[in-house]
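Residues per chain, in single letters:
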Amino acid sequence: MEKIKIGQIGIGHNHGEAKMLAVRKFPDLFEVIGYAEENERWVEKRGAFRGYAGLPRLSVEEVLARADAVLIESDVWDLTRYAKLCVDSGKHIHLDKPASGPLAAYKAVLDTARAQHLVVQLGYMYRYNPAIRKCFADVREGRLGDICSINAEMNTFHSPAYKKWLTNFGGGIMYILGSHLVDLIVYLMGEPQKVTSYMKSTGLDGVQFPDNTLAVLEYEKALARIAVSSVEVNGWGRRQFVVSGTRGTVAIMPLENTCHMTYADTATATNPYEDMKTDIAVRDIPKDCRYDEMMQDFYAYIRGTKENPFSYEHDYTVQKVLDEIVGGVKFYGKNIE
């Protein structure tokens with residue numbers, strides 16, 4: 001197979017090294033040319049990480065000149081700026097999430113990519129979760145009937161240091177983690193008719209930012225609830241995605257490591273006052289393999305052997321809905337971790 005020359009711009013994103021490690025697992029697909037990072041503080045903190053071992057540090061201009069495709073793994077507030085440089089240079093991009101504002105600038109990136117037939121792959125990891133994919137298939141095949149509700153939660157008990165980093169974002173934890181859940185709900189339901197959100201700050205550990213958040217997305221006959229918190233003890237163990245329809249309910253909790261999925265339908269759950277569900281066997285993806293399939297798909301999308309099911313329109317709608325939830329994307333102090 002013909003290799004794709006790939007470089008990385010930015011190493012400041014929390015998922016940046018893991019993406020590079022995934023790419024380097026597939027030397028028959030990718031020729032890694034190096035990475036660029038314009039912030040010396042990130043080079044000091046992460047430049048010696050295993051994912052970048054033996055790779056040359058290049059300028060952004062050198063990456064754009066030599067690469068066919070680019071992993072954009074900068075600080076979140078710089079993602080769209082670098083994405084524009086890449087698509088303007090005719091490069092396919094893997095763009096980590098969530099995209100940065102303003103919304104019109106992000107739309108311009110997607111419009112340019114579409115006009116030039118460039119791949120834009122967003123780094124939403126739950127697109128590759130086996131249980132989520134099974135849920136998507138169940139909905140697509142009508143096993144759940146008409147969707148009535150979606151309950152999505154992505155909670156954590158974050159350290160004070162991580163919470164201080166979250167003060168960079170006007171939407172706090174909803175902006176960073178809630179975006180994952182918006183991606184899944186929009187894929188299943190499309191753009192909501194109305195968005196209502198609640199952004200609360202507990203002030204735990206003396207850090208003031210939206211750390212206890214809720215959004216409700218309204219559709220013609222359905223409601224989707226997104227709860228995201230930085231202050232839930234064992235929040236990881238209660239991360240969930242539950243889709244309920246007129247014929248059945250799929251529940252995934254926890255979402256990963258170890259993932260647990262159940263299914264109930266009207267044929268088997270015959271007593272409404274008993275817990276009558278069936279366990280569904282799903283494989284776990286080890287944390288160090290989380291991005292392997294994503295990077296393989298990135299190659300396939302570029303080569304045209306596989307079509308990206310997440311369209312330019314979908315990716316724009318996700319960011320638009322996220323923007324509505326948080327009241328417009330805003331960036332503050334830009335403190336790195």
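So, here is what we can say about the structure in this document. (Residues numbered from 1 in each chain as written. Predicted model: local features only at pLDDT ≥ 70, side-chain atom pairs only at ≥ 80, totals over all residues. Heavy atoms only, no water.)

1. A few points about the sheet that holds strand β12 (residues 248–252)
On the basis of which strands lie adjacent, the open sheet formed by eight strands has the order β8-β9-β10-β7-β11-β12-β13-β14 and mixed pairing. The open sheet has two edge strands, β8 (194–200) and β14 (278–280), and neither has a second partner. Across the sheet, the mean angle from the axis of one strand to that of its neighbour is 10°, orientation sign disregarded. Summarising the sheet, strand β7 (residues 147–153) and strand β10 (residues 223–229) pair through five bridges and their orientation is parallel. Within β10, the residue paired with S149 across the bridge is L223. (Pairing = 2+ DSSP bridges. Helix = DSSP H or I, 4+ residues; strand = E, 2+ residues; numbered from the N terminus. Axes fitted to C-alpha atoms, helices over the stretch in contact; angles between N-to-C directions.)

2. Side note on the pattern of salt bridges
One pass over the structure, following the stated rule, counts 23 salt bridges. Salt-bridge contacts for K25 lead to D292; the nearest nitrogen and oxygen are separated by 3.1 Å. Remark: D292 occurs in helix α9 (residues 292–303) and K25 occurs in the loop between α1 (16–24) and β2 (30–36); sequence separation between them is 267 residues. According to the relative accessible area criterion, K25 is partly exposed, its value standing at 38%. A salt bridge links D111 to R114, with the nearest nitrogen and oxygen atoms 3.7 Å apart. You can see D111 and its partner R114 sitting in helix α5 (residues 103–115), three residues apart, about one turn around the helix. Each of K107, D111, R114 and E313 takes part in a single network of salt bridges with overlapping partners. (Salt bridge = Lys/Arg side-chain N within 4 Å of Asp/Glu carboxyl O. Buried < 20%, exposed > 50% of the residue type's maximum accessible area, 1.4 Å probe, protein only.)

3. Observations concerning the nonpolar core
One finds I226, F241 and I325 to be the most contacted residues of the largest nonpolar core, which totals 98 residues. Ranked by the residues each element gives to this core, the list is headed by helix α8 (residues 172–189), at 11 residues. Apart from residues no more than four positions distant in its own chain, F241 is found in contact with I132, C135, I150, N151, A152, L184, I185, L188, V250, A251, I252 and L255. (Core = buried A, V, L, I, M, F, W, Y, C linked by side-chain atoms within 4.5 Å. Contact = heavy atoms within 4.5 Å.)

4. Thoughts on empty space enclosed by the protein
Applying the stated criterion across every chain, the model contains one cavity of 30 Å³ or more. The computed volume of the largest cavity comes to approximately 140 Å³. Lining the largest cavity we find 15 residues, and of these N129, P130, E256, I285 and R290 sit closest to its centre. Looking at the lining of the largest cavity, its residues break down into eight nonpolar, two polar and five charged. (1 Å grid on protein atoms, 1.4 Å probe; cavity = no way out; pocket = protein on both sides within 12 Å on 5 of 7 lines; lining within 4 Å. Points joined across faces, edges and corners; volume = space filled by probe spheres on them. Nonpolar A, V, L, I, M, F, W, Y, C, P; charged D, E, K, R; others polar.)

5. Quick word on the sheet that holds strand β4 (residues 69–72)
Across a sheet, strands are paired by hydrogen bonds formed along the backbone, either parallel or antiparallel in direction. The strand order across the open sheet formed by six strands is β3-β2-β1-β4-β5-β6, and the pairing between neighbours is parallel. Of all strands in the sheet, those bounded by a partner on one side alone are β3 (57–58) and β6 (120–122). Pairing geometry for strand β1 (residues 4–9) and β4, over four bridges, is parallel. Residue pairing in the sheet places G7 in a bridge with V70 of β4.

6. Details of the state of the cysteines
Using the criterion set out here, one finds zero disulfides in the structure. C259 provides the cysteine sulfur closest to C289, a residue in no disulfide bond, and the two sulfurs are 16 Å apart. C289 sits in the partly exposed class, given a relative accessible area of 28%. (Disulfide = S-S within 2.5 Å.)

7. Section: the packing of α8 against helix α10 (residues 312–326)
One can describe the packing of α8 onto α10 by two numbers: an axis separation of 9 Å at closest approach and a directional angle of 130°. As summarised for this structure, α8 and α10 are arranged oblique, according to the angle between their axes. Seen along the crossing, α8 lies across α10 with a hand that is right-handed. Counted together, M174, Y175, S179, V182, D183, V186 and Y187 of α8 and H314, T317, V318, Q319, V321, L322, I325 and V326 of α10 form the full contact between these two elements. Split by residue class, the contact of α8 with α10 holds 10 nonpolar, four polar and one charged. (Parallel < 35°, antiparallel > 145°, perpendicular 65-115°, else oblique. Left-handed = near helix turned anticlockwise from the far one by under 90°.)

8. Here we look at a nonpolar patch on the surface
Taken together, the side chains of F157, L204 and V233 make up a nonpolar region of the molecular surface, amounting to roughly 290 Å² of accessible area. Residue placement: L204 occurs in the loop between β8 and β9 (212–218). Residue classification places L204 among the partly exposed residues on the basis of a relative accessible area of 33%. (Patch = residues over 30% accessible without salt bridge, like charges linked within 9 Å, V, L, I, M, F, W, Y side chains within 5 Å. Areas by Shrake-Rupley, 256 points an atom, 1.4 Å probe, with all protein chains shown as cover.)

9. Side note on the packing of aromatic side chains
Tallying each qualifying case throughout the model produces eight aromatic pairs. Look at F30 and Y299: their rings are 5.9 Å apart centre to centre, the planes differ by 85°, and that puts the pair in the edge-to-face class. Of this pair, F30 sits in strand β2 while Y299 is found in helix α9, placing the two residues 269 residues apart along the sequence. Considered together, F30 and Y299 belong to a single accessibility category, that of buried residues. Judged by centre distance (5.7 Å) and plane angle (35°), the rings of F169 and Y175 are tilted. (Phe/Tyr/Trp six-rings, centres within 6.5 Å; stacked < 30°, edge-to-face > 60°.)

10. Considering the layout of surface pockets
A probe as big as a water molecule, rolled over the atoms, marks out the empty space that is left. Space inside the largest pocket adds up to approximately 390 Å³. It is α8 that contributes the most residues to the lining of the largest pocket, three residues altogether. A class-by-class count of the residues in the lining of the largest pocket yields 10 nonpolar, seven polar and five charged.

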